[in-house]
Amino acid sequence: MTSDFSAAGVRVPDSKLARETTELVRDATSDLIYDHSRRVYFFGALQGRNRDLSFDPELLYIAAMFHDLGLGEPFHGSGRRFEVDSADEARRFLRARQVPDDSIRRVWTAIALHTTPGIPEFMEPEVALVTAGVEYDVLGIGYHDLTEADRAAVVALHPRPDFKQRILEAFTEGVRPKPETTFGNVKADVLAHYVPGFERGDFVRTILDSPWDE
């Protein structure tokens, strides 16, 4: 089953909050990021179904849609990790609409941790499933957990032409202006590949060169 609002038996939540989220992200991002974010929702929800997790589809959708917003040009000078910029924008959006604090916390955490493997899977379902959706779409982790038919239905709704190269370009442009934010996280790999002269932070040297005497 595929329509503008559903694929593989998963529906986009039909609420005012979800519609406003769609409109905001549609207007603020490229087709690449919009389609990727929608796929993250569908793949995350499908993984939730497979894992028999009870999750709030609306919160999962909002977190998935906002998760890469911080890659955009308005945030290039923030000095913060793009994940935090994305999470903060989602929090502002939700607070302005009087969403309960616990829901806001789940969305913020899901976005902020989506590039930090090994932690989200042990947290609330919405947090775990945003990361699962990102890892599925970007890295192919758990690729065979979903059926070919379900995968095809999602991609038919939100195609991914030359996605691997295009998303790497988007990551590069999003973090190039603030390379210091890549210390200790996966985006250092992106700049090491695509930005000549980039020098990644070294955790061992940071310890050895600290101002402590010993």
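Values in this document were obtained by computation on a predicted structure and should not be read as measured data.

A. Looking closely at the overall build of the protein chain. Looking only at helices and strands, one finds 10 helices and two strands in the protein chain. Scanning the protein chain from its N terminus toward the C terminus, one meets helices and strands in the order β-β-α-α-α-α-α-α-α-α-α-α. Taken over the C-alpha trace, the protein chain has a radius of gyration of 18 Å; the compact-globule value for 214 residues is 17 Å, and the two agree within 12%. With respect to the principal axes defined by its C-alpha atoms, the protein chain has extents near 60 × 40 × 35 Å.

B. Highlighting the packing of aromatic side chains. Within the structure shown, the criterion is met by five aromatic pairs. An aromatic cluster of at least three residues, connected via ring pairs, comprises Tyr41, Phe42 and Tyr61. The ring of tyrosine 34 is capped by arginine 26, whose NZ or CZ atom sits 4.2 Å from the centre of that ring. Its guanidinium or amino end placed over the ring of tyrosine 143, arginine 151 lies 3.9 Å from that ring's centre, counting from NZ or CZ.

C. Broad picture of helix 5 (residues 101–112). Compared with the 16 Å implied by 1.5 Å per residue over 12 residues, the 16 Å span of helix 5 between its first and last C-alpha is a close match. Of the positions making up helix 5, those classed as buried are Ser103, Ile104, Val107, Thr109, Ala110, Ile111 and Ala112. Here the buried face of helix 5 lies against helix 3 (57–66), helix 4 (82–95) and helix 6 (125–139).

D. Layout of the environment of threonine 29. Locating threonine 29 in the fold gives a position in the loop between helix 1 (16–28) and helix 2 (31–50). Residue threonine 29 is classed as buried on the basis of its relative accessible area of 16%. The contact partners of threonine 29, leaving out residues within four places of it in the chain, are Tyr34 and Leu69. In this structure the side chain of threonine 29 is engaged in a polar contact, spanning 2.7 Å, whose partner is the backbone oxygen of valine 25.

E. Representation of the layout of surface pockets in the model. Space inside the largest pocket adds up to approximately 410 Å³. Lining the largest pocket are 21 residues, and of these Val138, Leu139, Phe171, Val186 and Lys187 sit closest to its centre. Elements represented by at least two residues in the lining of the largest pocket include exactly helix 6, helix 8 (163–175) and helix 9 (187–194). Classifying every residue of the lining of the largest pocket by side-chain character gives 10 nonpolar, seven polar and four charged.

Thresholds applied
Here the residue numbering is sequential within each chain, running from 1 through the sequence in written order. Restriction of local features to residues with pLDDT of at least 70 applies here, the model being predicted, together with a cutoff of 80 or more for giving and counting side-chain atom pairs; totals for whole chains, interfaces and linings are based on all residues. Only hydrogens and water are set aside when side-chain values are computed; all heavy atoms of the structure are taken into account. Helix and strand labels come from DSSP, where a helix needs a run of H or I of at least four residues and a strand needs a run of E of at least two; each type is numbered from the N terminus. We compute the radius of gyration from the C-alpha atoms alone; for a globule the expected value is 2.2 Å times N to the 0.38, where N is the number of residues. Aromatic contacts are taken between Phe, Tyr and Trp rings whose centres are within 6.5 Å, Trp giving its six-membered ring; a plane angle under 30 degrees counts as stacked, one over 60 as edge-to-face, and the others as tilted. Whether a charge lies above a ring is judged from NZ of Lys or CZ of Arg, which has to be within 6 Å of the ring centre and within 35 degrees of the ring normal. Expected span of a helix: the number of residues minus one, times 1.5 Å. Accessible area is worked out with a 1.4 Å probe on protein chains only. A residue is then buried under 20% of its type maximum, exposed over 50%, and partly exposed in between. When checking whether two residues touch, look at their non-hydrogen atoms; a contact exists if any pair is within 4.5 Å. We call two N or O atoms a polar contact when they sit within 3.5 Å, provided that within protein one can donate a hydrogen and the other can accept it, with sequence-adjacent residues counted only if both atoms are side-chain atoms. In this analysis, the protein atoms alone were mapped onto a 1 Å grid. Cavities are point sets where a 1.4 Å probe fits without being able to get out; pockets are open sets with protein on both sides within 12 Å along at least five of seven lines; lining residues have an atom within 4 Å of a point. Grid points are joined across faces, edges and corners, and a volume is the space filled by probe spheres set on the points. Any residue outside Ala, Val, Leu, Ile, Met, Phe, Trp, Tyr, Cys, Pro, Asp, Glu, Lys and Arg is labelled polar, Gly included; the first ten of those are nonpolar and the last four are charged.

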